[in-house]
Amino acid sequence: MTDATNATDDQDALLRLLISTGTDTPAVLFDFDGPVCDLFRGAPTDDVAEQVKEMARPYWGWRDPQDQGLLEPEVESCYDSHGILRRLRDMYERPTSKRLSAEPLKRAEEIVTEQESGALRTAVPAPYIVTLVDLLRELRMPLVVVSNNAEGPIRTYLEHPDLHKKFEGVFGRDPHDARLMKPDPHCVLRAIEHLGLPTSSCILIGDQITDLEAARKAGTWFIGYTQEERRAKEMEQGGADAVVSTHLSIIAAAEKFRANR
């Protein structure tokens, strides 16, 4: 978004970024899975994707030479719970000789949301997230969540006493159209509209390249949050305004920001 230095855990670059928003109280938009908590703790979601495919095949399956009911190859080859939602929607929207039932879209959303709800039992808070949130609130910075996860499970997680009522809004996956997940900026733009702030006053913290792409499309600043060196490099090369491996770096920059006000 600007010429801010892209250097992992560079507190001075983070301080310049906070100053560059042009306000004493920039809004901070947190992606959920990663920056707020480790929802799945590294566990793959291929079992959920397969469950969705098994559900959809009786509705949409076509017959191959081996007489097996299959979905389109792009759907069958997907092993990610969010990816399967998007690919099912793409298949539904493609012109066909016979109009497909919308029932698999509804049921797929329910399956994935149930998986996300179940994962809350073992979810682990991101290190130092409570300290960071409390500091940003002391600085009167509006905080919201923007996520590809369903809103219900996110709201349940945020009922934890350490986070209760500390976020002004939750803007998650559109249950009616998976194509609006990030990298589409839909949830980010909804959050900005809710906050009533210019995009230049908003900073998105995310751990995926799709978060960066959504921030760029929405016009917000972006802080990459990752411990993976390769992803950090990709974020820097993709135009991230800063990249951190720990919330401690943002905390230190925010404390300097407070001292300089």
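This write-up is about the structure you can find in this document. (Residues numbered from 1 in each chain as written. Predicted model: local features only at pLDDT ≥ 70, side-chain atom pairs only at ≥ 80, totals over all residues. Heavy atoms only, no water.)

Another point: the pattern of salt bridges. Summed over the entire model, instances satisfying the criterion amount to 19 salt bridges. A salt bridge links Glu138 to Arg258, with the nearest nitrogen and oxygen atoms 2.9 Å apart. Here the residue Glu138 occupies a position in helix H6 (residues 129-138), and Arg258 occupies one in helix H11 (residues 247-260), the gap between them amounting to 120 residues. Between Arg216 and Asp241 there is a salt bridge, with its nearest N and O atoms 3.3 Å apart. Note that Arg216 is positioned in helix H9 (residues 209-218) and Asp241 in the loop between helix H10 (229-237) and strand E10 (242-244), a separation of 25 residues in sequence. Judged by its relative accessible area of 27%, Arg216 falls in the partly exposed class. (Salt bridge = Lys/Arg side-chain N within 4 Å of Asp/Glu carboxyl O. Helix = DSSP H or I, 4+ residues; strand = E, 2+ residues; numbered from the N terminus. Buried < 20%, exposed > 50% of the residue type's maximum accessible area, 1.4 Å probe, protein only.)

As a further point, take the packing of helix H2 (residues 46-60) against helix H5 (residues 103-119). Running from amino to carboxyl end, H2 crosses H5 at an angle of 165 degrees, the nearest separation of the two axes being 10 Å. With respect to their mutual orientation, H2 and H5 come out roughly antiparallel. For the crossing formed where H2 meets H5, the hand is right-handed. Touching Val48, Gln51, Val52, Met55, Ala56, Tyr59 and Trp60 of H2 are Glu103, Pro104, Leu105, Arg107, Ala108, Ile111, Val112 and Gln115, all from H5. (Axes fitted to C-alpha atoms, helices over the stretch in contact; angles between N-to-C directions. Parallel < 35°, antiparallel > 145°, perpendicular 65-115°, else oblique. Left-handed = near helix turned anticlockwise from the far one by under 90°. Contact = heavy atoms within 4.5 Å.)

Within the secondary structure, Glu109 sits in helix H5. The exposure class assigned to Glu109 is buried, which follows from its relative accessible area of 12%. With sequence-adjacent residues up to four places away left out, Glu109 is seen in contact with Leu85, Ala150, Arg173 and Pro175.

What follows is about the pairing of strand E8 (residues 202-206). Burial within E8 is extensive, with five of its five residues counted as buried. Here E8 shows a buried face lined by Cys202, Leu204 and Gly206 and a second buried face lined by Ile203 and Ile205. Note: strand E1 (residues 27-30) against E8, four bridges, orientation parallel. Its bridge partner lying in E8, Val28 is registered against Ile203. Pairing between E8 and strand E9 (residues 221-225): four bridges, direction parallel. Counterpart to Gly206 in the pairing with E9 is Gly224. Running through H9, the crossover from E8 to the neighbouring parallel element E9 is right-handed. (Pairing = 2+ DSSP bridges. Right-handed = clockwise from strand over helix to strand, strands pointing away.)

Turning to empty space enclosed by the protein, a few remarks are in order. Inspection of the entire model under this criterion finds one cavity of 30 Å³ or more. Its volume calculated, the largest cavity comes out at about 40 Å³. When grouped by side-chain class, the residues that make up the lining of the largest cavity number eight nonpolar, no polar and no charged. (1 Å grid on protein atoms, 1.4 Å probe; cavity = no way out; pocket = protein on both sides within 12 Å on 5 of 7 lines; lining within 4 Å. Points joined across faces, edges and corners; volume = space filled by probe spheres on them. Nonpolar A, V, L, I, M, F, W, Y, C, P; charged D, E, K, R; others polar.)

In this structure, Phe30, Tyr157, Leu158 and Ile223 are the most contacted members of the largest nonpolar core, which totals 42 residues. Other than its neighbours up to four places away in sequence, Phe30 contacts Pro35, Val36, Ile129, Leu132, Leu136, Leu143, Val144, Val145, Val146, Phe167 and Ile205. (Core = buried A, V, L, I, M, F, W, Y, C linked by side-chain atoms within 4.5 Å.)

Put simply, side chains in a regular strand alternate between the two faces of the sheet. Burial along E1 is two-sided: the residues Ala27 and Leu29 and Val28 and Phe30 are all buried. Across three bridges, the pairing between E1 and strand E6 (residues 143-146) is parallel. Across the sheet, Val28 pairs through a bridge with Leu143, a residue of E6.

Attention now goes to the packing of aromatic side chains. Counting across every chain of the model gives three aromatic pairs. Between Phe30 and Phe167, the aromatic rings sit 5.8 Å apart at their centres with planes inclined by 80 degrees, giving edge-to-face as the arrangement. Of this pair, Phe30 sits in strand E1 while Phe167 sits in the loop between helix H7 (151-157) and strand E7 (169-171), placing them 137 residues apart in sequence. A relative accessible area of 0% places Phe30 in the buried class. Using a relative accessible area of 13% as the deciding quantity, one classes Phe167 as buried. Between Phe32 and Tyr157, the aromatic rings sit 5.5 Å apart at their centres with planes inclined by 75 degrees, giving edge-to-face as the arrangement. Taken as a pair, Phe32 in the loop between E1 and strand E2 (37-38) and Tyr157 in helix H7 lie far apart in primary sequence, 125 residues in all. You can call Phe32 buried: its relative accessible area is 1%. Between the NZ or CZ atom of Lys53 and the centre of the ring of Tyr79, over which it lies, the distance is 4.1 Å. (Phe/Tyr/Trp six-rings, centres within 6.5 Å; stacked < 30°, edge-to-face > 60°. Lys NZ or Arg CZ within 6 Å of the ring centre and 35° of its normal.)

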